[in-house]
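Here are the chains, one letter per residue:
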Amino acid sequence: MALITENTRKEVTDIVYNFFADECEVDIKDLHADTNIIKDIDGDSLMFLELIEIFKKKYTLEIELKTIGKYAVKHPVQTIGQLIDMQMLIIEHENKLLELDQ
Amino acid sequence: MAEKVVITGMNIISSLGLDLETNWKNLVAGKSGVKPITLFDASKNVTRIAAEVSADFEELSKKYIKKRAGSQMTRVTRMCVTCAKEAVEMSGISFDQMDRTRCSVILGVVNSGNSSTEKETTTQNTIFKSMTNSLSAWISLEYQLMGPNFVVNTACASSAYAIGLGYEMIRSGQSDLVIVGGADSIINFEEIEGFNSLYALSVENDPPEKASKPFSKDRDGFVIGEGAGILILESEKSAKARNAVIHAEVAGYGFSSEGYNIMAPMKDGEGMALTMEKAIRDAGIYKEEVDYINAHGTSTELNDRYETMAIKRVFGDLAYRIPVSSSKSMIGHTIGAAGAIEGVITVLSIKNSILTPTINLDHPDPDLDLDYIPNQSREQEVNVALSNSFGFGGHNATIVFRKYAG
């Protein structure tokens, strides 16, 4: 499990907001937790995977993609806020993510 | 009664320009787009020239393609989508007013352009960039079209096949509108080396603009070009219902396979002749009605000889009064895009009553004695025109275009 500090959520939030602002060519000021990734900013599902790769590298995470996939089926992500919440859970629980549903 | 198929939009991106107007102006002026290769270091290639699309294209594409989507496309795909966007704009279509389940995309695509010249590829984008079907898929995605969307590969005849198939979709009542065309670029080390090993390319690097010389005595192979061509085919009924400008009509097509050789055309142009005959029959026209032929005219020894023989075989004495020209003398051979680009040029010839020339025809081959519109364009009324495309593998296509008479 990765060490979660007070700064972690801010760090993740900054990375996610900057990622979407850059990839979707939108002003970062127009992004908020309720922004729908596909409907509002023309994002795509691949972005989620790309962010996972970014965080896997940044926090040296031990998590398999299929674990995230199984979790995401039960907890679909639509907004930026939901995506940040899920990234935090991934960072915190890594391969034990599915145990949260047990 | 079969639906009449009309053309309500079109566009070209080629070495002679990034929009329809510039291309036409340069084609009529008989300019060459062939220059030394800049897309990669060609110093080790025997052929070091090609008809490249201007680097300014990337700026133009940003007007139509978002950064995210653009990064998932190859340069060729961006060319195709940009070309299609401007063709759709020209047609004045609002897809919100159309039944999207009856709007389709059919493209001729030989390769997606995911070659060694492709820059900034990520592992995640590799698959998207390699998918030849992505070219039609991106266009379909752009407009949320829900009719069939697919690509066809018949080598250098690919986008002519796309035109024929699109025409058939509308004629048979399956679609109201089909975006047809193609895009291609094989200007990379491997493909040029490959074609050089087949002795298919011109090796006259200096001066580059003189290298592509179809029907000349001293022709020594084709020059690779790149680009995209798109036509918006629409049922006459649909076009009239929205008061669209109709530029011409597709009157028919002919497809054939030679079943002969993976590279060489069938001896004496027998297969080429069969294709033109089929197209004429399909269009229900008399041979006397044909005013112009936009030839495949590659500048190779065999193609130009056999295409000339085929035209004579089909038209007999009439062949001598039908002007024939090769756009490849100016824009090189754009491979999978050739049929569509040359189709657009043929439509513009009908629309503007101007025939574009075969440039570099300074030393005519005495065996090739048709009217090839040497070096200078010509004003001439055109009611019916053929556009020929013949591909490696014996894939042949002829499209018949006709002035729209209402």
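The model shown is predicted, which means the values in this text are computed figures rather than measured ones.

Here we take up helix α6 (residues 134–143) of chain B. All names here are of chain B. For α6, the set of buried residues is S134, L135, S136, W138, I139 and S140. As for α6, its buried residues are in contact with α4 (75–91), β4 (103–108), α5 (123–130), β5 (149–152) and β6 (177–184). Following α6 by one or two positions, Q144 adopts a phi angle in the positive range, close to 50°.

Residue and element names in this part refer to chain B. The residue V314 is located in helix α11 (residues 301–315) in this model. Expressed as a C-alpha distance, the spacing of V314 and I280, which sit 34 residues apart in the sequence, is 9.7 Å. Residues in contact with V314, not counting those within four places in the same chain, are A273, M276 and E277.

Bringing the interface of chain A and chain B into the picture now. Interface size is often expressed as the accessible area that is lost when the parts come together. In this complex, chain A contributes six residues to the contact, which on the side of chain B involves four residues. Class assignment for the residues of the side of chain A that touches chain B results in two nonpolar, no polar and four charged.

Of the residues in chain B, 99% reach a pLDDT of 70 or more, and the chain-wide mean stands at 96. With pTM at 0.94, the complex prediction returns an ipTM value of 0.79.

A separate point is the domain arrangement of chain B. All names here are of chain B. Domain annotation for chain B reports domain 1 (5–241) and domain 2 (251–402). The distance between the C-alpha centroids of domain 1 and domain 2 comes to 20 Å. Listed per partner, the contact involves 60 residues of domain 1 and 56 residues of domain 2. Elements represented by at least two residues in the side of domain 1 that touches domain 2 include exactly β1 (5–13), α1 (20–28), α7 (158–171), β6 and β7 (227–235). Per-element accounting of the side of domain 1 that touches domain 2 gives the leading share, eight residues, to α7.

Residue and element names in this part refer to chain A. Remark: helix α1 (residues 6–23) packs on helix α4 (residues 80–93), axes separated minimally by 10 Å, with the N-to-C direction vectors making an angle of 135°. Looking at the two axes, α1 sits oblique to α4. Judged by the sense of rotation from one axis to the other, the crossing of α1 with α4 is right-handed. Taking contact as the criterion, the partners of T8, R9, V12, T13, V16 and F20 in α1 are, on α4, I80, L83, I84, Q87, M88 and I91.

Let us look at the packing of helix α10 (residues 270–283) of chain B against α11 of chain B. Residue and element names in this part refer to chain B. Contact pair α10 / α11: the axes reach a minimum separation of 8 Å and the direction vectors enclose 45°. One way to sum up the angle between α10 and α11 is to call them oblique. Here α10 and α11 pass one another in a crossing that is right-handed. Residue-level contacts link M272, A273, M276 and E277 of α10 to Y306, E307, A310, R313 and V314 of α11. Along the lines of polarity and charge, the residues of the contact of α10 with α11 split into six nonpolar, no polar and three charged.

The rules behind each value
Residues numbered from 1 in each chain as written. Chains lettered and ligands numbered in written order. Predicted model: local features only at pLDDT ≥ 70, side-chain atom pairs only at ≥ 80, totals over all residues. Buried ≥ 20, exposed ≤ 12 C-beta atoms within 10 Å, placed from the backbone. Helix = DSSP H or I, 4+ residues; strand = E, 2+ residues; numbered from the N terminus. Contact = placed C-beta atoms within 7 Å. Nonpolar A, V, L, I, M, F, W, Y, C, P; charged D, E, K, R; others polar. pLDDT = per-residue confidence, 0-100. Domains from an automatic or database assignment. Axes fitted to C-alpha atoms, helices over the stretch in contact; angles between N-to-C directions. Parallel < 35°, antiparallel > 145°, perpendicular 65-115°, else oblique. Left-handed = near helix turned anticlockwise from the far one by under 90°.

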